[in-house]
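Coordinates in review
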Amino acid sequence: MKLSPRTAPVEPDNLLIRFHNQIGAAVDVTSAGARVSWSCHGCGGVDSYTSLNLTREYANGHAASCRAAYHRLR
């Protein structure tokens, strides 16, 4: 199955916020217990904090500066 670079990843059940980077790759903010994490589907960057506001701020900043796009090689 060939995926378009613009195909959004499936939303996880614990998704709180989804940003998009400059190329359109998703940057997801998710929760797992007391931790809130963000992960970039473009460059693979991840980080985790205990505050939703802090996580949202860093995820939004990453989305504003990241130019990576995930492409399948198959």
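So, here's what we can say about the structure.

The rules behind the values
- Residues numbered from 1 in each chain as written.
- Predicted model: local features only at pLDDT ≥ 70, side-chain atom pairs only at ≥ 80, totals over all residues.
- Heavy atoms only, no water.
- Pairing = 2+ DSSP bridges.
- Helix = DSSP H or I, 4+ residues; strand = E, 2+ residues; numbered from the N terminus.
- Axes fitted to C-alpha atoms, helices over the stretch in contact; angles between N-to-C directions.

Some details on the sheet that holds strand β1 (residues 15–20)
- In spatial order, the strands read β1-β2-β3-β4; together these 4 strands make up an open sheet with antiparallel pairing. The open sheet terminates on both sides in strands that have one partner only, identified here as β1 and β4 (46–49). Between one strand axis and the next, the sheet turns by 15 degrees as a mean value, whatever way the strands run.
- In this structure, strand β2 (residues 26–32) lies alongside strand β3 (residues 35–40), joined through 6 bridges in antiparallel fashion. Across the sheet, Ser 31 pairs through a bridge with Val 36, a residue of β3.

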